[in-house]
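The residues making up each chain are set out below.
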Amino acid sequence: MDACASCGITANDDIKLKICTACKLVRYCSVKCQKDHRSKHKRACKQRVAELRDEILFQQPESSHLGDCPICCLPHPVDRTKAVVTVTGCCGKMICEGCDYANKKREVAESLQQRCPFCRHPAPKTVKEADKNSSRRVESNDPLSLNAAGVDRYAEGDYSSAFKYWTKAAELGDAEAHYHLFILYQLGKGVEKDRKKEVYHLEKAAIAGHPIGRYNLGCAEFDDGSIERAVKHFIIAANLGHNGVMKALQELHADGYVSKEDFATALRGHQAAVDATKSPQRREAAEANMYGK
């Protein structure tokens, strides 16, 4: 039977116990009992909060923060140097290069008007029209568009405006915006340097499936001497398809910090994540873009 952790009174029809919202371990019959018990409970509470946080932090995301192409439903590649992703200004969708190329190829072959491959909205004819579409997406609080607006302001050196856009996008759950806020707090651009907020946004990005954020989190743990935690982060990043992390895992394996079994599992996970993003249509698009077709 549940009882107050401070006075020991048990719950009944007249007395309702309220759980500690931080650790979820104990219950109290009143605010007074919670305050009286705080000194005894503080250490255990803090430890449990850290454990709960780690359960969330080290959970393998189902996919990267980029998600899937809404047309072919295949995961977007996390290596943006090898794959082009088109963000539509009309509906704010991320279209893979395979689907975008197939749509353009069909339009040229059939002499059709250029349209968005997802919502079929006519493509903007001028830069002004494209900017107007993007502004509408920003005004509608579309996270992807807010993040893009922040990127534009950052490139212009307007760090304060970039911070505002990224903060709004992060509040709406955009992992890329969280990662950009991590950079701002790390460099002190547009904001005061803040290590706590820096780590907070980096962790939020990693939890949401941001491979580079996860890799950087692992590097930070490694620099702090937390090798075991660093390895966990690196393996999660590998399973998301991050290429650079494989070298770090290989070196840690050579130094004895990563077992042969764990390294082999990470290799298979990384390859599976990369293979899941491939398709004949995307390969054709990549070849066409390479040769300027």
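Our structure's up above, just so we're on the same page.
Conventions used here
Residues numbered from 1 in each chain as written. Predicted model: local features only at pLDDT ≥ 70, side-chain atom pairs only at ≥ 80, totals over all residues. Heavy atoms only, no water. Helix = DSSP H or I, 4+ residues; strand = E, 2+ residues; numbered from the N terminus. Expected span 1.5 Å × (residues − 1). Buried < 20%, exposed > 50% of the residue type's maximum accessible area, 1.4 Å probe, protein only. Arc of directions from axis to C-beta. Contact = heavy atoms within 4.5 Å. Salt bridge = Lys/Arg side-chain N within 4 Å of Asp/Glu carboxyl O. Core = buried A, V, L, I, M, F, W, Y, C linked by side-chain atoms within 4.5 Å.

> Give a detailed account of helix 3 (residues 127-139), specifying residues and quantitative values.
The terminal C-alpha atoms of helix 3 lie 18 Å apart, and with 13 residues this matches the ideal 18 Å at 1.5 Å per residue to within 8%. If you check which residues of helix 3 are buried, you get Asn133, Arg137 and Val138. Down the axis of helix 3, the sector holding all buried residues measures 145 degrees, keeping them to one side. Turned more than 90 degrees away from the buried face of helix 3, the exposed residues are Lys128, Lys132 and Glu139. On its buried side, helix 3 packs onto helix 4 (143-155) and helix 5 (159-171). Backbone geometry just downstream of helix 3 places asparagine 141 in the positive-phi region, at approximately 60 degrees.

> So what about the pattern of salt bridges? Which residues, and what values?
For the coordinates displayed, the defined rule picks out 13 salt bridges. Notably, a salt bridge pairs glutamate 284 with lysine 105, separated by 2.6 Å at the nearest N-O pair. Here the residue glutamate 284 occupies a position in helix 12 (residues 280-290), and lysine 105 occupies one in helix 2 (residues 97-109), the gap between them amounting to 179 residues. For glutamate 284, a relative accessible area of 33% translates into the label partly exposed. In this structure, the salt-bridge partner of arginine 229 is glutamate 221, at a minimum N-O distance of 3.0 Å. Within this structure, Arg48, Glu51 and Glu55 form a network of salt bridges that share partners.

> Quick one: what's the story with the nonpolar core, residue by residue and with numbers?
Taken as a class, soluble globular proteins show a tendency for nonpolar side chains to be buried jointly. Ranked by internal contacts, the top residues of the largest apolar core, which has 15 residues, are Phe234 and Leu249. When residues of this core are assigned to their parent elements, the largest contribution, seven residues, is made by helix 9 (residues 227-239). Contacts of phenylalanine 234, omitting those with residues within four sequence positions, involve Tyr215, Gly218, Cys219, Val245, Ala248, Leu249 and Leu252. In terms of nonpolar packing, the next biggest core, distinct from the first, is built from 12 residues, Val138, Ala149, Trp166 and Ala177 among them.

> Pulling in residues and values, what's your account of unusual backbone geometry?
Within the chain, lysine 24 stands out as a residue other than glycine whose phi angle is a positive 65 degrees. Among the structural elements, lysine 24 can be located in the loop between strand 1 (18-19) and strand 2 (27-28). For arginine 120, which is not a glycine, the phi torsion comes out positive at approximately 70 degrees. For arginine 120, the location among the structural elements is in the loop between helix 2 and helix 3.

> Can you explain the side chain of glutamate 198? Please cite residues and give values.
Mapping glutamate 198 onto the fold places it in helix 7 (residues 195-207). Once you skip the residues sitting within four places of it in the chain, glutamate 198 turns out to touch Phe182, Tyr185 and Gln186.

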